[in-house]
Each structure stands twice: as structure tokens, then as C-alpha cells.
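Secondary and tertiary structure notes
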Amino acid sequence: MTPNIYENWSRSRMSRITPAQAKEKPELERRVSYKELPEKYQNVVVGCAECHNMRPDQHKDTFDHQGARVHTVVTPADCAVCHPFEREQFSRNLMSEAHGNLENNPVYADLTQSTNGPLTFENMALSHGTPDAQTSADSCLFCHGTRLTVEKFETRYTDIGPMEFPKISGWPNQGVGRINPDDSKGSCSACHTRHEFAIEMARKPYTCSECHKGPDVPAYKVYKVSKHANIVDSLAHGKEWDFNAVPWTAGEDFTAPTCATCHVSLVTTPDGRVQAKRTHQMNDRLAWRIFGLIYAHAHPKSADTTIIKNKDGLPLPTALDGTPAAEYLISEKEQEKRNNTMKGVCQSCHTRGWVNGHFDRFEHTIETTNHQTGVATQIMARAWEEKAADQNDSLFNESIERRWVEQWLFYGNSTRFASAMMGADYGVFANGRWYQSKNPHDMLELLKVKLKQAEDKESK
Amino acid sequence: MTPNIYENWSRSRMSRITPAQAKEKPELERRVSYKELPEKYQNVVVGCAECHNMRPDQHKDTFDHQGARVHTVVTPADCAVCHPFEREQFSRNLMSEAHGNLENNPVYADLTQSTNGPLTFENMALSHGTPDAQTSADSCLFCHGTRLTVEKFETRYTDIGPMEFPKISGWPNQGVGRINPDDSKGSCSACHTRHEFAIEMARKPYTCSECHKGPDVPAYKVYKVSKHANIVDSLAHGKEWDFNAVPWTAGEDFTAPTCATCHVSLVTTPDGRVQAKRTHQMNDRLAWRIFGLIYAHAHPKSADTTIIKNKDGLPLPTALDGTPAAEYLISEKEQEKRNNTMKGVCQSCHTRGWVNGHFDRFEHTIETTNHQTGVATQIMARAWEEKAADQNDSLFNESIERRWVEQWLFYGNSTRFASAMMGADYGVFANGRWYQSKNPHDMLELLKVKLKQAEDKESK
Amino acid sequence: MTPNIYENWSRSRMSRITPAQAKEKPELERRVSYKELPEKYQNVVVGCAECHNMRPDQHKDTFDHQGARVHTVVTPADCAVCHPFEREQFSRNLMSEAHGNLENNPVYADLTQSTNGPLTFENMALSHGTPDAQTSADSCLFCHGTRLTVEKFETRYTDIGPMEFPKISGWPNQGVGRINPDDSKGSCSACHTRHEFAIEMARKPYTCSECHKGPDVPAYKVYKVSKHANIVDSLAHGKEWDFNAVPWTAGEDFTAPTCATCHVSLVTTPDGRVQAKRTHQMNDRLAWRIFGLIYAHAHPKSADTTIIKNKDGLPLPTALDGTPAAEYLISEKEQEKRNNTMKGVCQSCHTRGWVNGHFDRFEHTIETTNHQTGVATQIMARAWEEKAADQNDSLFNESIERRWVEQWLFYGNSTRFASAMMGADYGVFANGRWYQSKNPHDMLELLKVKLKQAEDKESK
């Protein structure tokens, strides 16, 4: 039926090496992390059955396939049989909670509704209905992950006779925070694309671009115009670069970083020193969360961000006036530690003076972009105060509110990403400082118009 | 004079194989489709003369070149001598009529004038003049195709003495719907780039990006952040992928699709089954036209869309209230057939449950995006009704009208392309649902201002 | 400490060939241009010391490194020891003056302040403070180049004991117009990425994209959807293309141009004729400056553009009414000469009729885009005249002024780049003519609102 799945798998490392062989590799070359493995898995290559028959009792999507108990959706809990360490690390990542962090936060639910809800135009006013599940799956949850629910089992007539298949709502989806039919969270195949599972893919920036390219989080776009990407694009293809090597040796296997180099991979020097340990908890190397909500802030402690309350009681890591919800965020000491881990990667290629100069500038940009967000927020607050905008129906539906959102979600973020990864114009004219400084003027013009309308209404 | 033309050609398959040899290939490997061929063409490779001397009497651009009757512009009618089937299929494609579909539709001519016409500012009002031919050739017709007209013959002094060359207005141009000096339509070299004519190029997405990247039709941008493109970008270069193989075998020659795979190519399985027949009538696999005019709709029956009239008499496939011009559009049964053809391609790599889940979600998105366009259109209609905008001078010139156009042309289209090809953020923050839901608010604010201005004017 | 620097260098040509050997190459293959060279440099490969110890007395950043007098920043004056001709050419390039051209022009300083200055919101008005140095370095000067100033020397404790390092403000930076610690201007490594210095990189378009991608100067984006880039992207990787060959032979080493081909490289034909001489004064082949300030204009004569005064005394190459500051711009005759040089490159692959058709269309687009800028400027002038906007505080801070800037800086430029390099949609819907014709309507709406506000204020 699906010939390419088999062909893909047959190109994979999984099809050529058994877990037992994988475990015998020297530590730095090892790609599995299990301590113990049921004997039946040890000495066979990892084929269809090994993943899709695993843990059938935990899987609500298990069905009968010619006598075998098979499930459609392979989950991190399945992968963790051989890769428990990576799975555990990933679970401490914001990404593993990406579904709930969005869906269970009432502020973000308001944003989602304003974005995805079906519009109604009545009495010269617009209202937003509740977004339906298919729309959410097709938009936010495409990356954040859907909730996979087995609705029912249905009979389909196949070449080998009638079969019962689970009908799973929210499927297909490979979002990083997917809620799975075995109640686990996440999807390893978001980055480790099935069924070839090439580490080469996870290490190339295209993988990250699937979720990190829009104006809210333009990481890939910024990276793409950086010197780093320039080197990769110019020199990596058809050359002696090796995207498959484990460990990944700077200067030998590659001479410029991709996303994975700085954020995830085990990086070594040609003489075998570890420059950075592999981590699937990406924030291990991140002192700041530059994605502003609504200001950039020290990284949250917990992967589950719904527990955060700012000083005004809102589930946001900063208050509207900029005060961080400090107890939920990492300390300055922890920030320093994480910065040093990241700087270790930089120092594969850059001297300390260079690296410190870069980070000083970057942290200054966090401050100044937060300042510009603050000024836009003052205008917004004034509009709410003077009833030129309605804070109660939603924070995010009206024209002026949308502009305010763009101030931090688009322009603040873009400028910070550009600073972090040296993607020049994304800090200026491409959704950067030009817009950061233009947008408050537009907000102010709109505010003046709305104030006049309110005044006229009153005087009638 | 132009050494690279020869060099290019010498790398081409055309320079190494005669039409007779090409015809002897097994059916699935065959790249020519002629039944009969004049004997003089059969046993020579296809060089300069074979294409540029062909059918001289039909070509108004024929000129004398050292005794030979040569023409500059090689047309689909020339190519059809060896490839009649492909040319015939292509003629049933909207693209082959792209020139006339734009130029001969008064609604689109209005849009073109509002976009390209030289502006005049007088008495606090702006007006749009008629766009000139060079501007049209440099913009819309770059992709849609110009009309090539032999203006005159002029003498140029060359290394081999004075020669008469045709002066062709509209030249150069390689648009898919070009009107040629032999009265044929289209340009094969739009995709099959001269003079190497590599099928590899037609199969790579960069070719399609030349016309399908802007905010009106962001197919390439969306594809680029999809898992499909991620696999191609990560694994196809310098690998065992073969972009030249005919037939094109999924899992063997490639493991992820490009534009051509899904829309055009002959795709087979490793055991030789045909997964999809080659078609140059791309809509063979397209149930819907997701390019909204102004709503997404069942694909038109005729390649020439100027014949369509909606219920209000406008040459548009849907009415402003959303009613499709049903008699000009394919039936639900035909839609199902085309969907099944496309699903056949998907099933090279995906199970039926996956594919159906994807298509259900996609068709739902067609509905919801059409709904959001409908709401914007209600606001627009209100503005016209209340004379806050002038429907009579043009549908597309004023500020509020431009926003309305962007609702369907940019945001509706972007959201649907993102859904069709899994390019997440193009359905949300990158010209997707965020703008689809923000734009009507902006239209409404503008409408209120214009109504007040009208009221003030009246009260004076 | 930084293992990759060494690894990178060891892959470079510099590590394998001595200057004396480089000089012995046949003229067309030669990559050095020195006439005489101190003997100590002649017969050793160019390693760390050769560049970083050079000219220590001129370098304010010289410090003591285990007895050697080393400097951090290698400058064009250092490179010029072996490559004097290239350095001299580059110095006649606008880019080499990019720092001063921006920083020493009061009109652009106004633009910079409006973009980068910290905002204050008070009494329903917004004001822009002076941008700080770190922000400038992180934005405009990232490409234009910072001023590198040795602030002090500080002791750092290294593996080999305490050392004194210079603390350089403005560092790191690789901008093309950088002011260096030896008072030279520019940075060769902007394009010739250290420490591999591969000509392959300078020739690939990714290098140019680092600075030429934003909406103000979308050269790379436009190129990327052109037929030229399509050929490069489809056929250059893992093929017989040679991006390292000197000279660079059209048809043999490559079959489609990158940025460097048309603007910089020494291009030859397979039979050894020179199609275009190498130039590091890129404007050698440029008749026009299509980057509108505020209109596109004949190229400036002097690399230092701060000397230009238009008829109204402003340091701009054109007046607000479009009159060029003719005495500072090249003559029509010089334009023709430069056009012919560029056309020589085109004619490697295109006939004369094709090339002339292209250039006619392009020059027409310069005219029409200037016209559309003119209309927007009329609206702007009216606003200033009627005090609906304040010309005196800044030309660039208010909402309507920002829209006016976008008319020429984004939409005019984008349309012209699209025309120059055949990147279709960037001339229409992607920041092209659609916006060029929409934006004046938006300006007019805003003007009407501001006039009414002024009127209301007066009547109170």
C-alpha cells in the first residue's frame, strides 16, 4: 500500500543495527541511552513491529492486524524504551508541554479565539465565535500538537480483507506537544522524521523551519541570512561535511553551526574534548526566553507554564508593566550558568572577546526591545482606560489591540531573534526596529480617532 | 556571441538522443509522444536548427540567417512536433490561457489598472491611469505571458555582416500563457528551462517558485516549511536521489515529493506499478481551485475562464455572496475523482487514515476561509451601500477596497495553501488566520471614519 | 581555545600556496595583485602571524601575545599587502564608505533616530530619543560597519597565564564600511568569510543575502525567484559546476549567474575571451542606483555621498520633486558605458535583442516607479504644507511620514529590483506595485483624518 514507508525505513540506521550493537558503542558515539532492555528487542533491528506493536495495552489506538496488536501512533513513551534519557530531557522542555501551555492558558485561549474564531458582522460590530477543532488542528496545534482521541473503530475493506481501524480525531499530527493515545506527550518525529529517522535531518535547519519561521518566531529566517547559514549553504553540500557523525566534531565534520549545533547536539573538538554535551532540554543553553509574553524574560523554571501567575494574577511570565513573575523564572545565577554553556559552543570558533561582545549587545537588545514594548503598552493601557478599546471582551480582538500584539509578538521577537543570531535586517526593516518604532505611532493615531468617536457619541 | 547557449544545449538530453531513439524506449520511460514524425527529424539529435527553423511559414518572427529561415521564439506548437500529447494536455490547463484569462476579463482589468496604472493626485483625490505595455510586461504578464508582436524588421551589424532581425514587442518573456508569433499559446520553457531542458529542473520546486511565491499565491513559501520540503532540502542533494529518472519511482528515486511529484509527474512504485500517470493538465489532480476569486471553488471546467458568468453577471467563478457559478465549475463527482487521483500520490507514503484525515481538514479550511472572506465582503458591501466607498469607479482602488482584496487574495489564499501543503505558520501568523481575523476589524474602523466624513460633509 | 579557526584556515587556499607561487600564475588565473612584497612574506603560506602581526604600529588594537605584536582586527589595509588592486577598487565603492555615508548624513541620522531611538509617550504624543551605540551596532551598522575603538586594555587569565587584551567597542563587526583600529575602512571578511576565505562563498548568493534581503533592498529575495537562481538551485549542487575556478568560465564552470557573476567576477568564455573583467568597484557595471533616495538616479560619482547636495540644499541625490543632483551623479555617457559593460555579461547567454528588450523595460520601470514615488511625495508635501504633519521635528517620525518612506524605501525599491533581476512577484504583490498604488490611498485617508483633527482643534 505505502511502498515508500518501507523504502524509507530501509535507508535508516534502525534497519541496520540492533539495540544491543548500538549500546556497545563508545560513550560519545552512543545513540541509545537505555540501561536495560527486554531481551526480545536486543538482537533484532528495529522494524515495523518493534515500534508499532510496543506497549499495546497502554495504547488506546491498538487494533488487530493479522493477529498482531498494532497501534498507529508511535509516541515518546515507545521511543523511550531505547532512548529514555532523551525522552526525559525533552519532557523538561517547554515544547513537550506545548499543547497544554497554549490550550490551558485562558489568556492564550483569548488570543486563539481572536485569531481563529469565525467572525460575525452585526450592528456595525464584529464578534469572534469559538474556533472549531479542525481549525485549531490546522493552525496553532499543527506545531503545538493536537490531542489524539480514538473516536471509534471502523471497518475498512483492504486488499487482505476487512479490517478494523481506529478513527483518531486530531490525526494526522506531528506537533511537539501532541497528547498521545497512550497519554504521553510529544512527538519525536516532529524533528526525527519518520521513517528514515536521519540525525542529518534533525541537524539541518530545515527541520526547525517547519515551526520556527513565522513573524512571531522568525528563527529560521534570521538564521538564513546570518553568516552561519551562509557558510552552511555555501560549503556544506556535496562536501566533506558530515551531518551524521556522532559525536559531531567542530572543524572536522562541520565548520559552521546549524540550529542543532548550538541548541542540542553533542559537540566535540578534533582532539576529542567535549565542547557541549548533547541535550534534548534545549533551554539548558538558554538564559532568556526572547519570545516576549509580552516582554522577553528569564527562562521559566517549569516546562508547564500554565502554573505561572504574574503580579496581577494573569498567567503570564511578565506583568503588563514589565515586572517579571520572578518566582517562576530562573535566577540570575542559573542564567549565567546557561549563558556559559552556550558560550562554550561559540568558543569552538570565536575568541572570548568576540563572544562577550556579542552577548553584551544581545542582552542590551533585550532591554531596549522590552522598552519599546512598554511604550506601546502605555498607549494600549490609555486606550483601555479611556474606553477607546474594550479590555473586558478580549485583550486581542480590536484593531488597536491587534497592533499592540504585533508590537511584541512580531516586532519585539523579530528584533531579538535578529540580535541573537546576527540576522541583521530582521532587526531593522524586516519586522524589526522600523516597525517597532512605527507601530506605536499608528496605535496613537487610531487611539485619537477612537477617542473622538467616543466624544462625538457622548455629545449626541 | 552567446557561448553559453551552446554549452547548455550540449549538456541536454536533446543533444545526445534522436527522436527515433527516444520513441523506442519502453512506454513508461518514453519522453516523446509523437505518433508520426517527418523523416528529416527522426535520426538527428535536436539541435539549433530543428527547433528554430521549424514551421517557418507559421512564424511571423521568421528571418533570414545565412540562408536559413530562422525564428527567435520557439513555441508549444514547435515542441508539439515531438511532444503533441503534453502540449494538448497543457492546453486544457488554466495556465495556457493565463494571458487572456487576465487581459480579457474586465474585472481583472480593473484590478490590474488599480495596481499598475500611473497615479494622479488632484483635488485631494487619487486616480489611476491606464497601465502601459512595458509595465504590464514587467509585472502581471511576466508570469501570465505577454503578447509577442513583430513590430518590424531592423538591420543590425553583426560579426558576419548586416542582418535583418525582427523587433518583437513583449520580448523577452517566458510566461506560461504567452501569445506567440505563430498564434500558439504558452511557453514550455517557463518550466523546461532552455537550453538544457533538464527534467530535473522542472521537477525541483525552484522552478515553480518563479511564479508561485508571492502573497497571492504563496505555494512555494508554504511548501518550503513543510515536512516534504524539509526532507528534500535535507536529504536530496548529493545523495542517491535521482531527479532525472523516467518513470519516477517513489522510495527509490526520491523519498519526499516536490511540486511536480504531486501535480505533474508519472510516479511509480519500486515494483513497477503506476501510482499516478503523468499529466500536463495539472488540474487533473485538483478538485478545488483554492485561489479565491473571491471564494475558493470547485475547479473551472474550461481553461478559458473569461466565459464564466456568476449569478450577478460578473465574469467571476463565485458571486460576492459566495454562490458558485456552478455550471462553469466541475461537479462533485468530478471533484471526487480528482481527489482520488491526488490521494493515490499521497498513498505512496501515507496510509489511508492519514490521507483522509488530511483532506477532511483541508476541505474544512476551504469552508472556514470562505466564511471569513464572506464577513469581510459584508463590510465591503455595507461601505458601498452607504456610499462610504465608490463601487462604480472601480472595485479595487480605495483603501478599504484594497483591504478587502487582501482578505481573499492574500489571507484566504495563504491559509488555504498552508492547509493544502502543511505549511503551518502560513495558516496563522504569516499572512494566515491572524490577518484574516484582523483585517475585517481594520476595514470596520475605516468604514466608521468614512461614514463620519460623509456625515460631516452632508451637515455642512 | 578556538579549534575551528585553525581547521577552517587549514582548508583554505591561503594555507597551501605562498604569495610568490600565487603571483606566478598566468594573468587570468592570478588571485593576488601586488607588484612588490616584502621578502619575509613571499615564500611562506599565509598563516595566523602573516595577517595578525602585520603593520603593528598602525594598529591601535595591537597587543603582546607571547612576545609577538598581534592585532585582533585584520583590515583591508592588511589584505592590501597582497591584494592592493582589489582594495583600491573597493575603496571607490559606496560600500567602503557605508559607515560615514549613513552616520555623517543628517537626513539619514534623522531616519536612524526615528527607527532606533527609544520612545517616550507623554501628553498623547510620542518622541524618539537618541539611539545608543549598542543598538546602532546591532541594527544599521551591522551591515554598514561600526567604528572600532580601542577603549582600554584589560587583563584576562588564560591557559597560558594572564594576558592584556584590547577592549574594542563596536566589536564584533564585519560590516563593509567598518572604521578600523588602523583607520582604514571596510572589512574584506564581510564577503570573503574568515578563515577559509573561499572564493566559492563570495560567489554564492547567500553571502550577499546577509545584507541584501530586507524590504529596503530585497536583492536576494528577488534573485531567489528568478530563472537565474532557479538554475543555480536546481543544477549547481553536487554537479560539475565549479565555483572555485579562476577565471570563471561561463558554460563550463557554471551555466547561470549568481550575484558575483554579474557584479564582480572575471568571466570568460570557453575559448578564453574575457566577457567581463573582475571588479571590486561594483558600480563599474551599474548605470543606475535603483535604491531610491528618494528617487532612483544615475549612480553617484563619489563613494562618499555625504558631499552631495540637491537643489534644495539637502544631502540627497535627488530633490523631493525628483530633480537629480546632477553634478554629483555620473553622466549619461558614463551610464551608457556601464550599461554596456553589464550587457557584456548578459551576452554570455542571451542575444542582443533579448538583452536590449530587458534593459528597455527595466529603465522604463525606473521612470514609472519614480513617478509613483512622486505622487506619494505630493501627498506628503500637502500634509506638511497644511500642518497635518510636522516637517520640522523630523521628516520620518509620524505615521503618514513613515508610509511615505515605505513608498520609496520598500515599494519603489522592491519593484525596481524585481525588474532588474526578473523576480516577478516582487514587482507586483510582494511589496511591489500593489503596495506602490495602495499606499498613497492610505496616506490620503490619514491626511484627511489629520486635517479634520486640525480643523476641530481650531474650531474649539
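Because the structure is predicted, anything quoted here is derived from the model rather than measured.

Of the residues lining the interface, 69 residues belong to chain B; the matching set on chain A comes to 70 residues. Around 6100 Å² of area is buried between chain B and chain A when both sides are counted, 56% of it from carbon and sulfur atoms. Counting across the interface, chain B meets chain A through 6 salt bridges. Linking D138 of chain A and R433 of chain B is a salt bridge whose minimum nitrogen-to-oxygen distance equals 3.0 Å. Viewed at the interface, chain A and chain B are joined by 34 residue pairs in polar contact (both at pLDDT 80 or more). Looking at the side of chain B that touches chain A, the elements with two or more residues in it are α13 (219–224), α14 (227–235), α17 (352–385) and α19 (433–459) of chain B. In the side of chain B that touches chain A, the residues fall into 24 nonpolar, 26 polar and 19 charged.

Tracing the backbone through its elements, the reader meets N116 of chain B in helix α8 (residues 106–116). Polar contacts involving the side chain of N116 of chain B include one to the side chain of S139 of chain B, which spans 2.9 Å.

In this section: the environment of I307 of chain C. Residues and elements named next belong to chain C. Structurally, I307 can be placed in the loop between β11 (297–298) and α16 (332–346). Residue classification places I307 among the partly exposed residues on the basis of a relative accessible area of 43%. In this structure, the C-alpha to C-alpha distance between I307 and P181, residues 126 residues apart in sequence, is 24 Å. Contacts of I307, omitting those with residues within four sequence positions, involve S302 and Y328.

For the pair chain B and chain A, the relating rotation is 120°, the translation along its axis is 0.0 Å, and the fit reaches an RMSD of 0.0 Å. What the rotation and shift describe, once combined, is the action of a three-fold rotation axis. Comparing interface residues between copies, only 3% of those in chain B also lie at the interface in chain A; the contact surfaces differ.

A word on unusual backbone geometry. With an omega of 0°, the peptide bond between V246 of chain A and P247 of chain A qualifies as cis. Structurally, the position occupied by P247 of chain A is in the loop between α14 (227–235) and β7 (248–249). With an omega of -10°, the peptide bond running from L293 of chain C to I294 of chain C counts as cis. One can find I294 of chain C in the loop between β10 (288–289) and β11. We note that Q66 of chain A has phi near 50°; this positive angle belongs to a residue other than glycine. Phi at F197 of chain A takes a positive value of approximately 55°, unusual for a residue other than glycine. For F197 of chain A, the location among the structural elements is in the loop between β6 (161–169) and α11 (199–203).

Residues and elements named next belong to chain A. Strand order in this open sheet of 3 strands is β7-β8-β9, and the pairing throughout is mixed. The open sheet has two edge strands, β7 and β9 (274–276), and neither has a second partner. Relative to β9, strand β8 (residues 267–268) runs antiparallel, the two being bridged by 2 bridges. Across the sheet, the residue bridging to T268 is V274, located in β9.

End to end, helix α17 (residues 352–385) of chain C covers 49 Å across 34 residues, agreeing with the expected 50 Å (1.5 Å per residue, within 8%). With its phi angle positive at about 60°, K387 of chain C sits one or two positions after the end of α17 of chain C.

To continue, consider empty space enclosed by the protein. Residue and element names in this part refer to chain A. Counting across every chain of the model gives 4 cavities of 30 Å³ or more. As a volume, the second largest cavity reaches approximately 50 Å³. Lining the second largest cavity, in full, are V107, Y108, L293, I294, L316, L320, L395, F396, W404 and W408. Looking at the lining of the second largest cavity residue by residue, the class counts come to 10 nonpolar, no polar and no charged.

Glancing now at the relation of the copies chain A and chain C. Between chain A and chain C, which share one sequence, the superposing operator has a rotation angle of 120° and an axial displacement of 0.0 Å; the RMSD is 0.0 Å. Comparing interface residues between copies, only 3% of those in chain A also sit at the interface in chain C, which points to a heterologous contact through distinct surfaces.

To continue, consider the sheet that holds strand β7 (residues 248–249) of chain C. Taken in spatial order, the 3 strands line up as β7-β8-β9 (chain C) in an open sheet, and their pairing is mixed. Edge positions in the open sheet fall to β7 and β9 (274–276) of chain C, since each of these has one partner strand only.

Moving on: the domain arrangement of chain A. Residues and elements named next belong to chain A. If you check the domain split of chain A, you get domain 1 (3–197) and domain 2 (283–459). The C-alpha-based centres of domain 1 and domain 2 are spaced at 32 Å. Listed per partner, the contact involves 17 residues of domain 1 and 20 residues of domain 2. Of the roughly 1500 Å² buried at the junction of domain 1 and domain 2 (both faces included), carbon and sulfur atoms supply 60%. On the domain 1 side of the contact with domain 2, L94, V107 and Y108 bury the most area, a combined 36% of that side's loss. Applying the counting criterion to the domain 1 and domain 2 interface returns 0 salt bridges. At the surface where domain 1 touches domain 2, the tally comes to 7 residue pairs in polar contact (both at pLDDT 80 or more). Top element by residues in the side of domain 1 that touches domain 2 is helix α8 (residues 106–116). It accounts for 7 residues. Class assignment of the residues belonging to the side of domain 1 that touches domain 2 gives a composition of 5 nonpolar, 9 polar and 3 charged.

Here the focus is the pairing of strand β2 (residues 68–71) of chain C. All names here are of chain C. Of the strand pairs in this sheet, strand β1 (residues 62–65) and β2 are connected by 4 bridges, and their pairing is antiparallel. Opposite H65, over in β2, you have A68 as the bridge partner. In this antiparallel pair of consecutive strands, β1 and β2, the connection spans 2 residues, and Q66 shows a positive phi of 50°.

Here we take up the nonpolar core. Counting residues in each nonpolar core, the largest one holds 122 residues, and the members touching the most others are W404 and L447 of chain A, W404 and L447 of chain B together with W404 and L447 of chain C. When sequence neighbours within four positions are dropped, the list of residues in contact with W404 of chain C reads I294, L320, A376, T377, M380, W384, L395, F396 and M443 of chain C.

This part covers the packing of α17 of chain B against α19 of chain B. When two helices pack together, you describe them by how their axes are tilted relative to each other and by the distance separating the axes. Residues and elements named next belong to chain B. It is at 9 Å that the axes of α17 and α19 come closest, and there the two elements cross at 10°. The angle between α17 and α19 places the two elements in the roughly parallel class. When α17 is examined against α19, the residues T365, T369, Q372, A376, I379, M380, R382 and A383 are found in contact with a partner set consisting of R433, Q436, P440, M443, L444 and L447. In terms of residue class, the contact of α17 with α19 is built from 8 nonpolar, 4 polar and 2 charged.

By definition, a disulfide links the sulfur atoms of two cysteines through a covalent bond. Counted under the stated rule, the structure contains 0 disulfides over all chains. With no disulfide partner, C262 of chain A has as its closest neighbouring cysteine sulfur the one in C346 of chain A, 6.2 Å distant. The cysteine C208 of chain C is free of any disulfide, with C259 of chain C supplying the nearest cysteine sulfur at 3.7 Å. Look at C208 of chain C and you get partly exposed, because its relative accessible area is 26%.

For any pair of aromatic rings, geometry is given as the distance between the ring centres together with the angle between the planes. All names here are of chain B. Going through the model one piece at a time under the given rule, you end up with 51 aromatic pairs over all chains. Arranged with centres 5.8 Å apart and planes meeting at 45°, the rings of Y6 and W9 form a pair that is tilted. With Y6 and W9 both in helix α1 (residues 3–10) and 3 residues apart, the pair spans about one turn of that helix. Judged by relative accessible area, W9 falls into the buried class, the value being 18%. On the basis of an interplanar angle of 55° and a centroid distance of 5.7 Å, the ring pair of F429 and W434 is categorised as tilted. W434 carries the same exposure label as F429, and that label is buried. Over the ring of Y34 we find K23, and its NZ or CZ is 4.9 Å from the ring centre. Its end group placed over the ring of F243, K204 keeps NZ or CZ at 4.8 Å from the ring centre.

The rules behind these values
Residues numbered from 1 in each chain as written. Chains lettered and ligands numbered in written order. Predicted model: local features only at pLDDT ≥ 70, side-chain atom pairs only at ≥ 80, totals over all residues. Heavy atoms only, no water. Contact = heavy atoms within 4.5 Å. Buried area = accessible area lost by both parts, 1.4 Å probe. Salt bridge = Lys/Arg side-chain N within 4 Å of Asp/Glu carboxyl O. Polar contact = N/O pair within 3.5 Å; in protein donor to acceptor, adjacent residues only side chain to side chain. Helix = DSSP H or I, 4+ residues; strand = E, 2+ residues; numbered from the N terminus. Nonpolar A, V, L, I, M, F, W, Y, C, P; charged D, E, K, R; others polar. Buried < 20%, exposed > 50% of the residue type's maximum accessible area, 1.4 Å probe, protein only. Least-squares fit on C-alpha atoms with pLDDT ≥ 70 in both. Pairing = 2+ DSSP bridges. Expected span 1.5 Å × (residues − 1). 1 Å grid on protein atoms, 1.4 Å probe; cavity = no way out; pocket = protein on both sides within 12 Å on 5 of 7 lines; lining within 4 Å. Points joined across faces, edges and corners; volume = space filled by probe spheres on them. Domains from an automatic or database assignment. Core = buried A, V, L, I, M, F, W, Y, C linked by side-chain atoms within 4.5 Å. Axes fitted to C-alpha atoms, helices over the stretch in contact; angles between N-to-C directions. Parallel < 35°, antiparallel > 145°, perpendicular 65-115°, else oblique. Disulfide = S-S within 2.5 Å. Phe/Tyr/Trp six-rings, centres within 6.5 Å; stacked < 30°, edge-to-face > 60°. Lys NZ or Arg CZ within 6 Å of the ring centre and 35° of its normal.

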